[in-house]
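If you want the building blocks of each chain, they are given just below.
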Amino acid sequence: MSATEASHPEAHDHHDDHSHDHHELSFWQKYVFSTDHKVIGIQYGITSLVFLAIGFFLMMVMRWSIAYPDRPLPMVGDWPFFSKWIGEDGLVTGDLYNMFGAMHGTIMVFLGVVPLAFGAFGNYVTPLQIGAPDMAFPRLNMASYWFYFLGGVLMFASFFLDSGAAKAGWTNYSPLANITDQQFRDLFWTSQTQWLVAMVFLITSSLLGAVNFITTIINLRAKGMTWMRLPFFCWAQLVTGFLLLLAFPPLEVAAVMQLMDRLVGTSFFVPTGLHVGGNMVDAAGGGSPLLYQHLFWFLGHPEVYVLILPGIGIVAEIVANNTRKPLWGYKTMVGAVMVLGFLSFIVWAHHMYLTGMGTAISTFFQTTTVLISIPSVILITSILLSMWGGSIRFTMPMLWATAFIPMFGIGGLTGLPLAFNLLDLHLHDTYYVIGHFHYVVAPGTIFALFAGIYYWYPKQTGRQMNSLLGHLHFWPSLVCMNLIFAPMFIQGMAGMHRRAFDGGAAYEQISSQVYLEQGHPLAVLFNAIFRGGESLPVEVINLNLVTSAGAFLLALAQVPFIINFFMSMFSGKKSEERNPWHGTTLEWMCPTPPPHGNFDREPVAYRGPYEYSVPGADQDFTPQFEPDTRVAETRPLPSLH
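Keep in mind the model is a prediction, meaning the values are calculated, not measured.

Colleague: Teacher, can you tell me more about the packing of helix 11 (residues 330–343) against helix 13 (residues 373–387) here?
Modeller: Each packed pair of helices is defined by two parameters, the angle between the axes and the distance between the axes. Remark: helix 11 packs on helix 13, axes separated minimally by 8 Å, with the N-to-C direction vectors making an angle of 150°. As judged from the angle between their axes, helix 11 and helix 13 are roughly antiparallel. The two elements helix 11 and helix 13 meet at a crossing, and its hand is left-handed. Touching T332, M333, A336, V337, V339, L340 and L343 of helix 11 are P375, S376, I378, L379, S382 and I383, all from helix 13.

What follows is the structure in structure tokens.
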């Protein structure tokens, strides 16, 4: 019995139909407190999709406030929660906006995208692709999910505290986060404290998962699965695991130190002479708010690649499968993703140019930030070259994967100006930064994750998702994502600040800049849609209407996906074979859906992961798990003597 089977008894000998001595698992053991990597992957997936929906709802409330600061919040304004935080006239207040802004960023990054990309896809797909029966530490895997779930529950429950949820931004900067909610007697049950406690649970979850993934990929690869036969998705997950393992501990330390500042009276991040409301803060002082920023952003920039690398891995798998070609420059891509992981640890301070760092230090971080674009370009260029001359099948996964490429490209290119100190001084904390980051994560990573859902859904459920509903999901999402984020570049370069709950109306000198004269064709279209046909110039602040309309329409565009996701489980077209996409990697070898232990025969990797359209082959794909019959036929039989 292998080490994995010893620690995961339900994965041993489950395929032997004649064996009756194995323990029958209860419902709770099988589906709730499961140690099966596939069940845990599904748990991560469903939970993270719920949190993404919550984060999206917070964003829509914020977009309403930005576009219509003088109008009452419709529909949800009468809900019990809002009655405490909304203005008497039904308007979104600054406190509510700050709360939703902080929690939108926290939920989307730490409770939505990372658990979906790393926890869900990583857990479900990685062991299948390397030919493992499960993760190396199944019980640790279960603990990882429940730490994540508990952290998410604490984060969400903080909305209903007397103090409300955290309001000091998703970065939780000191000293603002240290002194928030000081009017409450019991600081433990306040927003910022619960944010920190929840983050400790979430970071612990990520660390447990990172250790598990690294160990699994190194130790549990199937026979013949050498390093250069690993699917690129597994390389992306391996590098992501190292990023989490090395970058998250500093933030966990920072969270504990800030907790001590709030609850015990230490001054790790509280400076001497800090005044609040005209009174000096009663603290020892001597702390450094900049120390917190360094600890946060030392995680913060590797975190960007924690978000994006699993997405690039998914896109690489889908592009190779749907172009019927091997990945162009596979070894180069592996090298690029490893260099990307290394460089991500030495670029963090480009988020901190405004802290007054010297020219020598800023020059260093400018240089490393420009350098890190090189491996990113290598990855995207390799994927584009893989498509060149291919027999492309525009399946639903392929539509999302191809849309990912220009969206991620826009996000990357718009980040280059922010690498330079001089330009960042003007663009920092403007809508330009919001547009840049969201092009990387929203139409970038999330498009890749949608591609992965459509791609591996048949393997998980045995049924295909509906193509018509898929198109109704994809095309409006593509248009609306650009409606939301493209105008932000214009607003940012005009100087509009990212954190104005009234959409910048209070800064008339900036917001009233004319972007389009009244006779411009786009101004005519804008006036027809938003102003009832009036002939007026379009000012920078008016672009808030376009952005918010795009956000509301994007919400509607997700309805076909929700219907498709659940309806296809029961009425979707059944997959007639284990390998409906005619893929080459090991996950298509196991039964559909995969049982405990995953494989009904020993998985062996006979070749590389992307043997498509091999000259002389009988078909346009040669799976890793099929032996070379031509070699077997010519090999002499062993002697009987």
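Colleague: Help me understand the confidence of the model for the protein chain in this model?
Modeller: Here the protein chain shows a mean pLDDT of 92. Residues at 70 or above account for 94%. Every residue in residues 1–21 is under pLDDT 50, and counting partners more than four places away or in other chains gives 30 contacts. Contacts of residues 637–641 to residues separated by more than four positions or lying in other chains number zero contacts, the stretch itself having pLDDT below 50.

Colleague: Help me out: how do you make sense of the environment of E576 in this one?
Modeller: Tracing the backbone shows E576 in the loop between helix 21 (559–571) and helix 22 (629–634). Put simply, E576 and F137 are 439 residues apart on the chain and 33 Å apart in space, counted from C-alpha to C-alpha.

Colleague: Explain empty space enclosed by the protein to me, please; I cannot follow it from the model alone.
Modeller: In this approach the atoms are scanned with a rolling probe the size of a water molecule, which exposes any empty space left behind. In total, this model carries two cavities of 30 Å³ or more according to the counting rule given. Taken as a whole, the largest cavity encloses approximately 170 Å³ of empty space. Along its surface, the largest cavity is lined by 18 residues, and Y44, V114, P115, S205 and S206 are the ones closest to its centre. Going through the elements one at a time, helix 5 (94–130), helix 6 (138–157), helix 8 (191–219) and helix 9 (232–263) are the ones with two or more residues in the lining of the largest cavity. A total of six residues in the lining of the largest cavity trace back to one element, the largest contributor, which is helix 5. Across the lining of the largest cavity, the residue classes break down as ten nonpolar, seven polar and one charged. In this structure, the second largest cavity occupies an estimated 50 Å³ of space.

Colleague: Just checking my understanding: could you explain the state of the cysteines for this structure?
Modeller: Any covalent bond linking the sulfur atoms of two cysteines counts as a disulfide. Counting across every chain of the model gives zero disulfides. In this model C590 remains outside any disulfide bridge; the closest cysteine sulfur is found in C234, 13 Å from its own. Judged by relative accessible area, C590 falls into the buried class, the value being 0%.

Colleague: Explanation requested: the environment of I214 in the structure shown.
Modeller: Secondary-structure assignment places I214 in helix 8. Taking relative accessible area as the criterion, I214 reaches 9% and is therefore assigned buried. A C-alpha to C-alpha distance of 38 Å links I214 and G358, two positions 144 residues apart in sequence. For I214, the residues in contact, after removing those within four places along its chain, are L238, G241, F242 and L245.

Colleague: Teacher, can you tell me more about the pattern of salt bridges here?
Modeller: Close approach of charged atoms lets side chains of opposite charge pair. Using the criterion set out here, one finds seven salt bridges in the structure. The closest approach of N and O atoms between R324 and D620, which form a salt bridge, is 3.1 Å. With R324 in the loop between helix 10 (289–323) and helix 11 and D620 in the loop between helix 21 and helix 22, this residue pair connects regions lying 296 residues apart in the sequence. A residue is classified by how much of its surface remains accessible, and D620, at 34% relative accessible area, is partly exposed. Close ionic contact of R498 with D429 constitutes a salt bridge, the shortest N to O distance being 3.3 Å. Taken together, the residues span a long stretch of sequence, with R498 in the loop between helix 17 (467–493) and helix 18 (508–511) and D429 in the loop between helix 15 (421–427) and helix 16 (431–461) at a distance of 69 residues. This pair shows no difference in class: R498 is buried, exactly as D429 is. Salt bridges sharing partners connect three or more residues here, namely D429, R498 and R499.

Colleague: I would appreciate a short explanation of the packing of helix 3 (residues 37–67) against helix 6 in the present structure.
Modeller: Where helix 3 contacts helix 6, the two axes come as close as 10 Å, and the packing angle between them is 15°. Between helix 3 and helix 6, the angle falls in the class roughly parallel. For the crossing formed where helix 3 meets helix 6, the hand is left-handed. Within the contact between the two elements, helix 3 uses H37, I40, Q43, Y44, T47, S48, F51 and I54 and helix 6 uses P138, N141, M142, S144, Y145, W146, Y148, F149, G152, V153 and F156. For the contact of helix 3 with helix 6, the residue count by class is twelve nonpolar, seven polar and no charged.

Colleague: Teacher, can you tell me more about the side chain of S477 here?
Modeller: Mapped onto the elements, S477 comes out in helix 17. Relative accessible area serves as the criterion here: at 1%, S477 is assigned to the buried category. Once residues within four sequence positions are removed from consideration, S477 is found in contact with W400, F447, L554, A557 and Q558.

Colleague: What exactly am I supposed to notice about helix 8 here?
Modeller: Between its first and last C-alpha atoms helix 8 spans 42 Å; for 29 residues at 1.5 Å apiece the expected length is 42 Å, and the two agree. The buried fraction of helix 8 amounts to 23 of the 29 residues, a majority that puts the element mostly inside the structure.

Colleague: Please explain the nonpolar core as it appears in this structure.
Modeller: If you look at soluble globular proteins, the nonpolar side chains tend to sit buried side by side. Core analysis: the largest hydrophobic core is formed by 188 residues, its most contacted members being F100, F232, L251 and F404. Beyond its immediate stretch of four places on either side in the chain, F404 contacts I308, I312, V315, I380, P443, G444, T445, F447 and A448.

Colleague: What am I meant to see in unusual backbone geometry here?
Modeller: Peptide bonds are trans in most cases, and residues, glycine excluded, mostly fall at negative phi. For the peptide bond that leads from S174 to P175, omega is 5°, which places it in the cis range. Within the secondary structure layout, P175 lies in the loop between helix 6 and helix 7 (176–179). Positive phi, close to 65°, is recorded for M75, a residue that is not glycine. By the secondary structure assignment, M75 is in the loop between helix 3 and helix 4 (80–85).

Colleague: Would you mind going over the packing of aromatic side chains with me for this structure?
Modeller: Working definition: an aromatic ring pair is given by the centre-to-centre distance plus the angle between the planes. One pass over the full model with this rule turns up 61 aromatic pairs. Aromatic side chains F27 and W28 sit 6.3 Å apart centroid to centroid with 85° between the ring planes, which places their arrangement in the edge-to-face category. Each of the two residues, F27 as well as W28, counts as exposed. For the ring pair W227 and W235, a centre distance of 5.5 Å and an interplane angle of 40° mean the geometry is tilted. With relative accessibility at 31%, the residue W227 sits in the partly exposed group. Overall, W235 belongs to the buried group, its relative accessible area being 6%. The side chain of R221 reaches across the aromatic face of W227, ending 3.9 Å from its centre.

Definitions and limits used
Residues numbered from 1 in each chain as written. Predicted model: local features only at pLDDT ≥ 70, side-chain atom pairs only at ≥ 80, totals over all residues. Heavy atoms only, no water. Axes fitted to C-alpha atoms, helices over the stretch in contact; angles between N-to-C directions. Helix = DSSP H or I, 4+ residues; strand = E, 2+ residues; numbered from the N terminus. Parallel < 35°, antiparallel > 145°, perpendicular 65-115°, else oblique. Left-handed = near helix turned anticlockwise from the far one by under 90°. Contact = heavy atoms within 4.5 Å. pLDDT = per-residue confidence, 0-100. 1 Å grid on protein atoms, 1.4 Å probe; cavity = no way out; pocket = protein on both sides within 12 Å on 5 of 7 lines; lining within 4 Å. Points joined across faces, edges and corners; volume = space filled by probe spheres on them. Nonpolar A, V, L, I, M, F, W, Y, C, P; charged D, E, K, R; others polar. Disulfide = S-S within 2.5 Å. Buried < 20%, exposed > 50% of the residue type's maximum accessible area, 1.4 Å probe, protein only. Salt bridge = Lys/Arg side-chain N within 4 Å of Asp/Glu carboxyl O. Expected span 1.5 Å × (residues − 1). Core = buried A, V, L, I, M, F, W, Y, C linked by side-chain atoms within 4.5 Å. Phe/Tyr/Trp six-rings, centres within 6.5 Å; stacked < 30°, edge-to-face > 60°. Lys NZ or Arg CZ within 6 Å of the ring centre and 35° of its normal.

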